[in-house]
Amino acid sequence: MDSDRWLYSLSLSAVASSVAGLLVPLYIVQLGGGSAALGLSASLSSLVGAPGAVLAGRYADRTGNRRGVVLVALGAGAVALTLLPFLKTVPAVIVVNAVLAFSLAAISPVVTMLVVANAAESNWNSRIARLNTFQGYGSTAGLVIGTVWTVGVATVLATEVVQESLFALAAAFGVAAAVLGARSLPREAALDVGPRRSSRVATILSRTARNTQDATFSFGTNRVFWASRALSFARLRRLRSELPRPLWLYFLAAFCFFTGFSVFWAPLPLYLKSTLGFDSGGVFALYLVNNLASAVFFERAGVLSGQRDIRVVQGGALALRAGAFVGVAGLGLVGGSALTGGGLGPLAAVGALLFVVGVSWAFIAVTGTAIVSRFAPANARGAILGTYAALSAIAGAVGGLLGGWVASYRFDVAFVLAAALVVTGAALVYGAKRLSEATASPPATPST
């Protein structure tokens, strides 16, 4: 639709953020940063996301200047992307990357307001799914561009020049997103969303915004904002006593396995380069494999989760992911020379393991939403799903710091620790037999 032309600006922004999401860790490594620095960067990016979403969303809600908030956030992101290649110290890169993460998180709830404004409530699901599809395609395109650019340009230019030129390309996409947004974003959009409707938006987001990049939680910060609109402190105190025991137990399990995920992802770029000897193009290609694996299996995950015991499906997916984490650690023990001297074989081996990691995420994301939706009180389902998203973000921050710190001593120990936390979460899920009462939500159009 012509009125949706502004969604293309979000696709361009997603291209830029997807490239930067992996390029920044690689740049930190190039500047001499170790796994501790990568963990700090990942942790700080997770921590600023939720406040960014809540502050920007509430300002836009109070003033009605949604267009202005999105444009400022897009502009700030473009400036951050432009500055990054000129920074030559690790702390400066970490700080500016946190500004970029804050800006991206600030956009999420406001564009959701815009996409549902003036739309009948019955159309909200399809409108939000359409928004996430535009952003999802942009994220995947960013990884494709990063892979092609680092492989192609690296044949004629030095690594540092390749990274700087890719930053310039990402910044160009960021600037283009801001310019297109300025030309196409709706100038006025009436929106009347009370607490009940806010809870419904948060619920819809949980079913359509299944981001395949579980190293970050950008869609989760969106749900945190909508949940905060629907949940007062008084209501939160009441819910604390009303939530069933299986949900409390599941939140504990989720904290364990989300922490484990971040323990694995935070030091992974350095491990792939320093221990396994892959270049930047190989690293981008591996992340692309993981991303596509999740996207391809979302629909299948929804079908299988509706047919089988959801506790067994998620527990199995978690166990499979833990095994893949250990497998990635084991490859490093083979020895750097044995891996780097084998052509495409080592890359295929790691790719196969990250493919498994991606497939497992599709099943974990779908079943997690189904479990929380099933056990949350009906009148606060969206708010509880937002709490679940906030929990994942906090766990991501904790895991980023923990993974970076442990990996600074030994990568294999960090990855085995990640697997142990995931197995602990799987054991808690499998042991909570009442979770078998949950049925999966009908599969929605997944974000790629």
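Nothing here was measured: the structure is a model prediction, and the numbers come from that model. (Residues numbered from 1 in each chain as written. Predicted model: local features only at pLDDT ≥ 70, side-chain atom pairs only at ≥ 80, totals over all residues. Heavy atoms only, no water.)

## Points about the overall build of the protein chain
Next up, step 1: Within the protein chain, the secondary structure is distributed over 17 helices and zero strands.
Next up, step 2: Long-range pairs, those at least 24 residues apart, make up 87% of the contacts in the protein chain with a sequence separation of at least 6. (Helix = DSSP H or I, 4+ residues; strand = E, 2+ residues; numbered from the N terminus. Contact = heavy atoms within 4.5 Å.)

## A word on the nonpolar core
Next up, step 1: Ranked by size, the top nonpolar core spans 97 residues in total, and within it Tyr 250, Phe 257, Phe 261, Phe 264, Leu 268, Tyr 271 and Leu 272 carry the most contacts.
Next up, step 2: No other element matches helix α15 (residues 344-375), which puts 15 residues into this core.
Next up, step 3: When residues of this core are sorted by domain, at least three fall in each of domain 1 (1-185 + 194-230) and domain 2 (234-436).
Next up, step 4: Ile 107, Trp 124, Leu 131 and Ala 177 belong to the second largest nonpolar core, which has 24 residues in total. (Core = buried A, V, L, I, M, F, W, Y, C linked by side-chain atoms within 4.5 Å. Buried < 20%, exposed > 50% of the residue type's maximum accessible area, 1.4 Å probe, protein only. Domains from an automatic or database assignment.)

## Quick look at the environment of Ala 37
Next up, step 1: In this structure, Ala 37 sits in helix α2 (residues 35-63).
Next up, step 2: Through-space distance from the C-alpha of Ala 37 to that of Ala 266 is 9.3 Å; in sequence the pair is 229 residues apart.

## Notes on the packing of helix α5 (residues 124-153) against helix α12 (residues 280-307)
Next up, step 1: Between α5 and α12, the least distance of the axes is 8 Å, while the angle of their chain directions is 155°. In terms of orientation, α5 lies roughly antiparallel with respect to α12. Here the hand of the crossing between α5 and α12 comes out left-handed. When α5 is examined against α12, the residues Thr 140, Leu 143, Val 144, Gly 146, Thr 147, Thr 150 and Val 151 are found in contact with a partner set consisting of Ser 280, Gly 281, Phe 284, Ala 285, Tyr 287, Leu 288, Asn 291 and Leu 292.
Next up, step 2: Class assignment of the residues belonging to the contact of α5 with α12 gives a composition of eight nonpolar, seven polar and no charged. (Axes fitted to C-alpha atoms, helices over the stretch in contact; angles between N-to-C directions. Parallel < 35°, antiparallel > 145°, perpendicular 65-115°, else oblique. Left-handed = near helix turned anticlockwise from the far one by under 90°. Nonpolar A, V, L, I, M, F, W, Y, C, P; charged D, E, K, R; others polar.)

## Examining the environment of Val 15
Next up, step 1: As for its placement among the helices and strands, Val 15 is situated in helix α1 (residues 7-30).
Next up, step 2: Linking Val 15 and Gly 146, residues 131 residues apart in sequence, is a C-alpha distance of 9.5 Å.
Next up, step 3: For Val 15, the contacting residues outside a window of four places in its chain are Gly 138, Ser 139, Ala 141, Gly 142, Ile 145 and Phe 173.

## Focus: the pattern of salt bridges
Note that side chains of opposite charge can pair when their charged atoms are close.
Next up, step 1: Within the structure shown, the criterion is met by three salt bridges.
Next up, step 2: Here Arg 311 ties to Asp 309 by a salt bridge, and the two come within 3.5 Å at their closest N and O atoms.
Next up, step 3: A residue is classified by how much of its surface remains accessible, and Arg 311, at 10% relative accessible area, is buried.
Next up, step 4: For Asp 309, a relative accessible area of 27% translates into the label partly exposed.
Next up, step 5: Measuring nitrogen to oxygen at the nearest pair gives 2.6 Å for the salt bridge that ties Asp 412 to Arg 410.
Next up, step 6: You can call Asp 412 buried: its relative accessible area is 15%.
Next up, step 7: Look at Arg 410 and you get partly exposed, because its relative accessible area is 46%. (Salt bridge = Lys/Arg side-chain N within 4 Å of Asp/Glu carboxyl O.)

## Describing helix α4 (residues 90-116)
Next up, step 1: The end-to-end C-alpha distance of α4 is 40 Å, a good match for the 39 Å that 27 residues give at a rise of 1.5 Å each.
Next up, step 2: Most of α4 sits inside the fold, with 21 of its 27 residues counted as buried.
Next up, step 3: Just past α4, the residue Asn 118 takes up positive phi, approximately 60°. (Expected span 1.5 Å × (residues − 1).)

## Considerations on helix α17 (residues 411-431)
Next up, step 1: Over its 21 residues, α17 extends 30 Å from the first C-alpha to the last, a length consistent with the 30 Å expected when each residue adds 1.5 Å.
Next up, step 2: Taken residue by residue, α17 has Phe 411, Asp 412, Ala 414, Phe 415, Ala 418, Ala 419, Leu 421, Val 422, Gly 425, Ala 426 and Val 429 as its buried positions.

## Some points on the confidence of the model for the protein chain
Next up, step 1: A residue-level look at the protein chain finds 80% of positions with pLDDT of 70 or above and a mean pLDDT of 82.
Next up, step 2: By mean pLDDT, helix α14 (residues 336-340) is the weakest element of the protein chain at 48, and α17 is the strongest at 94.
Next up, step 3: Within the model, pLDDT remains below 50 along residues 211-218, and this stretch shows 28 contacts once partners closer than five positions in the same chain are excluded. (pLDDT = per-residue confidence, 0-100.)

## Topic: the packing of aromatic side chains
How two aromatic rings sit relative to each other is set out by the distance from centre to centre and by the angle between their planes.
Next up, step 1: Tallying each qualifying case throughout the model produces 20 aromatic pairs.
Next up, step 2: Judged by centre distance (6.0 Å) and plane angle (35°), the rings of Tyr 250 and Tyr 388 are tilted. Of this pair, Tyr 250 sits in helix α10 (residues 245-265) while Tyr 388 is found in helix α16 (residues 381-407), placing the two residues 138 residues apart along the sequence.
Next up, step 3: The exposure class of Tyr 388 is buried, given its relative accessible area of 6%.
Next up, step 4: Look at Trp 405 and Tyr 409: their rings are 5.7 Å apart centre to centre, the planes differ by 80°, and that puts the pair in the edge-to-face class. Exposure class is identical for Trp 405 and Tyr 409. Each is exposed.
Next up, step 5: Aromatic rings pair up to connect Tyr 250, Phe 251, Phe 257, Phe 258, Phe 261, Trp 361 and Tyr 388 into one cluster.
Next up, step 6: For Arg 311, the ring lying beneath its charged end belongs to Tyr 430, and the centroid distance is 4.7 Å.
Next up, step 7: Arg 321 extends its terminal NZ or CZ atom over the ring of Phe 261, reaching a point 4.4 Å from the ring centre. (Phe/Tyr/Trp six-rings, centres within 6.5 Å; stacked < 30°, edge-to-face > 60°. Lys NZ or Arg CZ within 6 Å of the ring centre and 35° of its normal.)

## Concerning the environment of Gly 316
Next up, step 1: If you trace the backbone, Gly 316 turns up in helix α13 (residues 310-334).
Next up, step 2: A C-alpha to C-alpha distance of 8.6 Å links Gly 316 and Ser 360, two positions 44 residues apart in sequence.

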